[in-house]
Amino acid sequence: LFWLRLFEFKLYPVLLCYRRSATYCSPVGLQSTLMATTPLLEQSADSGSPMQPPYPLKDLDDNQDKLLKGLSSEEAARMTKLYGLNEVPEKKEPLWKMFLRQFVGPMQIMIEVAALLCLSIQNWPDFVIIIILLMTNGIIGFVEEKSAQTSLDALKAGLQKKMPVKRDGTFEVIPVQQVVPGDILFMRGGDIIPADCYYLSGDPCQCDEAALTGESLPVKVPRKDESGKPYSGRRMWSGSILKVGECEAVVSHTGVNTMIGEAAKAIQEASSKELGALEGKIIDAAKVLIGITVLVVVLLFFYMYTVQDVPLPDVLEMSLSLVIASVPVALPMVMKVTLSIGAKEMADEGGIVTHLTALEEIASMKVLCSDKTGTLTTAQMTVYYDNSCRCYNAFTPEQVLEFASIASNEANKDDPIDSAVLQAYCESVGADSIDAAVAARKQRYKLEKDGFVGFNAVVKRTSAIVKNLEGRTYFCAKGMVDVILKTDPKDEGKHQWEVEHYATMSQDVHQADFTLGVSGFKTLGVCVRVDDGPFKFAGILPIMDPPRHDTKRTIAKIKKSNVAVKMITGDHHNIGKELARQINLGTDIRTPDSLKPQSDSAFHVDARDEVILHADGFAKVKPLDKHEVISVLQRKGMVVGMTGDGVNDAPALAKAQIGIAVHGATDAAKSAGDIVLTKDGLSPIYTAIQISRRIFKRLKSYVIYRICITVQVVFFLACLALVYDLRFKALYIILLALFHDLQIVTIAYDKQIASPFPETPTVMGLLMQSYSMGILMFVQTMGLIAYGYTFMSDTFRASYEA
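Caption draft 1: A look at the state of the cysteines. Inspection of the entire model under this criterion finds zero disulfides. Free of any disulfide, C527 has its nearest neighbouring cysteine sulfur in C476, separated by 8.2 Å. Given the relative accessible area of 0%, C527 is considered buried.

Caption draft 2: Here's a closer look at the sheet that holds strand β6 (residues 219–221). With antiparallel pairing, three strands are arranged side by side in an open sheet as β6-β5-β8. Looking at the sheet topology across the chains shown, the edges are occupied by β6 and β8 (241–244). When the angles between neighbouring strand axes are averaged without regard to direction, this sheet yields 40 degrees. With three bridges connecting them, strand β5 (residues 205–208) and β8 associate as antiparallel partners. The residue of β8 that forms the bridge with Q206 is V244.

Caption draft 3: Geometry of the environment of R167. Along the chain, R167 turns up in strand β1 (residues 162–167). Classification of R167 as buried rests on a relative accessible area of 10%. Counting along the chain gives 17 residues from R167 to I184, while the straight-line C-alpha distance between them is 8.1 Å. Setting aside residues up to four positions removed in sequence, R167 forms contacts with L71, A76, E172, I174, Q178, V179, V180 and D183.

Caption draft 4: Local environment of the pattern of salt bridges. What the rule picks out here adds up to 17 salt bridges. For R472, the salt bridge identified is with D531, shortest N-O distance 3.4 Å. Taken together, the residues R472 in the loop between β15 (461–468) and β16 (473–479) and D531 in the loop between β17 (522–530) and β18 (536–544) connect sequence positions 59 residues apart. Salt bridges sharing partners connect three or more residues here, namely R608, D609, E628 and R635.

Caption draft 5: Looking closely at the side chain of T554. Checked against the element boundaries, T554 lands in helix α23 (residues 551–560). By relative accessible area, T554 is classed as buried at 3%. Each residue touching T554, except ones within four places of it in the same chain, is listed here: L682, S683 and Y686.

Caption draft 6: View of the nonpolar core. Counting 51 residues, the largest nonpolar core has M365, I658 and I675 as the members making the most contacts within it. Top contributing element to this core by residue count: helix α29 (residues 683–723), with 12 residues. The residues contacting I658, other than those within four sequence positions of it, are A358, E361, I362, M365, V639, V640, G641, M642, D674 and I675. Membership of the second largest hydrophobic core comes to 35 residues, among which are I111, A114, V323 and L738.

Caption draft 7: Representation of the environment of S519. Summarising the element assignment, S519 is placed in the loop between α22 (502–518) and β17. For S519, a relative accessible area of 24% corresponds to the partly exposed category. Once the C-alpha coordinates of S519 and P542 are considered, the two residues, 23 residues apart in sequence, prove to be 10.0 Å apart. What S519 contacts, discounting residues up to four positions off in sequence, is M544, N574 and E578.

Caption draft 8: Expanded view of the packing of aromatic side chains. Evaluated as defined, the whole model comprises 13 aromatic pairs. On the basis of an interplanar angle of 85 degrees and a centroid distance of 5.6 Å, the ring pair of F395 and F403 is categorised as edge-to-face. In this structure F403 comes out as buried when scored by relative accessible area, which is 5%. Note on F715 and F778: the rings are 5.8 Å apart at their centroids and 85 degrees apart in plane angle, and the pair reads as edge-to-face. Placement of the pair is F715 in helix α29 and F778 in helix α31 (residues 763–787), with a sequence separation of 63 residues. Using a relative accessible area of 17% as the deciding quantity, one classes F778 as buried. Here the aromatic cluster, defined as three or more aromatic residues joined through ring pairs, consists of F395, F403, Y445 and Y474. Looking at R235, its charged tip hangs above the ring of W237, at a distance of 4.5 Å from the centre.

Rules behind the numbers
Residues numbered from 1 in each chain as written. Predicted model: local features only at pLDDT ≥ 70, side-chain atom pairs only at ≥ 80, totals over all residues. Heavy atoms only, no water. Disulfide = S-S within 2.5 Å. Buried < 20%, exposed > 50% of the residue type's maximum accessible area, 1.4 Å probe, protein only. Pairing = 2+ DSSP bridges. Helix = DSSP H or I, 4+ residues; strand = E, 2+ residues; numbered from the N terminus. Axes fitted to C-alpha atoms, helices over the stretch in contact; angles between N-to-C directions. Contact = heavy atoms within 4.5 Å. Salt bridge = Lys/Arg side-chain N within 4 Å of Asp/Glu carboxyl O. Core = buried A, V, L, I, M, F, W, Y, C linked by side-chain atoms within 4.5 Å. Phe/Tyr/Trp six-rings, centres within 6.5 Å; stacked < 30°, edge-to-face > 60°. Lys NZ or Arg CZ within 6 Å of the ring centre and 35° of its normal.

So this is what it looks like as structure tokens:
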């Protein structure tokens, strides 16, 4: 009956199919240039492990020719022995061992004892029923636990490819698992960087790390080093995507010593999900119930066998009846059926539940930690041409935007800046599409032959020469504000200029640029020249990844449900702070420095923990920083939820009690999460909180009822045997327990009102309610047995007297 009911909901087949489809991971990296604030080389100095590259970093300048020769086969073999393969070592528990572990635990052992008692007295019907229940619970637990291994498999997929590597003086294509520190890699646009490395030679490159830290723009390599971090401008992180250029790079770290390796290791350590908050309390309450029953069984066995001289088979059958009565054998399955119904309801609201315990945990969730890019924001750069646009020389925001669109390449749809400018221009002119807007503009401005000069990392600008219908020639350029104000002749750009009134204009523009930067905007400078006139600075276009339309409203609802919300992002501090202000999240946004205690003393650690507990969010963080924030909150007794969409979020998603992969998340994030949203934004999370709190009330009602009935039946049977010398067949007790569960399973459809506060169950609360009701029902039942003959029918009186 339970099997039919369980699969009637058709949820587990859906979950299993989803799990099988989620084993491939889009191979993007787990780190950003911001991670250079704590380079792995510095971390390795304290660890003592062989993490440092086999060359000093100064060789990147002093002995570059030597490094470019690469390794010999013998040197590569030695490096492999020292550093290991470029892969994440996986500690997989054998499936048979995982399966057998499902049958170890207080309730499982009691069910097994009941089965052995049935076997000893050859009570085959009872034995078959008990074994079916035991196997059903074990199989469901095995399927749930096996799916937790998917996260690590998805991350490892990012390393399973080949790459040209210089060995013995020549490049040969080898599996990336064989790459070692000191190897020279040849990479071109589109390649996935297989190991942490340093740029040596080649074109100016751009690396896409958007899925890691939320930085929507590609990172330029090489670039200016960060203050106090030599060679950080040449760093290229494992797992990021090389978008533009070709280069040769020397490997510094491989395998678990890379950032992606550390993240995979963190997921592996966190992949064993703990019991749900309610489930854990229920098991604790069941332990108390089983303990009391064991004492009753021992007492009953001794009294019946030694005092009443009852035959051993009859004593064993009575003991079996008590054991079966004490163990809510169908409790795990009924809970999963109830959760499955809730999961189906959740799926209708835009969330696929991959771990049913998450539906318990959300009801108890006190803190929701959210990634920024793609979760709170749209993950699409947006150009603002309203009052936030800074205009000069009598130009209007619409004109500045149009000039910027002229200097944009509509064919390069992968460029985030050009795409953002053209999308804003399309909206400003009210066109149906970018192509339609550009086509209409080209009717008024004709591009001169060879008039367009595209972007590269050296000149940091784009420009175009067009002619309007009146025959006037316009030179339009956009790019970094400093470069648009005055170009550098040394960059060898095709066009060089200095804007009119540069001295005064530069001062005003830099002040405006700084103000926009503090407000969290990236900026784009635009200049224009008409015919042979002066170069005029037209204005500054602010750019930002805007919040989703429903983010502010949803966060207000979640806070009203008494769940704290914290933003955790790898993006810049000013950007994070401005977004938090826009969505009313709070402005206490901290940097990674606040995640490190001043010392290892208990005082400083507690002070750090308090900062994490009360902060509104954190910016410029690395993947493992997110993991640390979750750990601290959990040590503070919080049930923590984490939302995210990128591979960098996977460790934190796996660590949190409730990992939520938002719509459009990478496969690694999906497989690490407990809930996968199928709708944009955070609104399904608020819905999940309401559904979960209703499910919690239903489950709590069921558990109290089930323990209450168990207390009543155990005490009733023991009293009948001790006082009235009566017996019950074990089969009747099994059927009684099953019928109890069958009729109460309808509570899964019970209408409940979600609590305004997180639900926090306690063992004592469950025991007090269930035992007081159970004992009261036992007293009532015994009263009926003792005094029922005085007011019941003649038939009852006759059977009583018999």
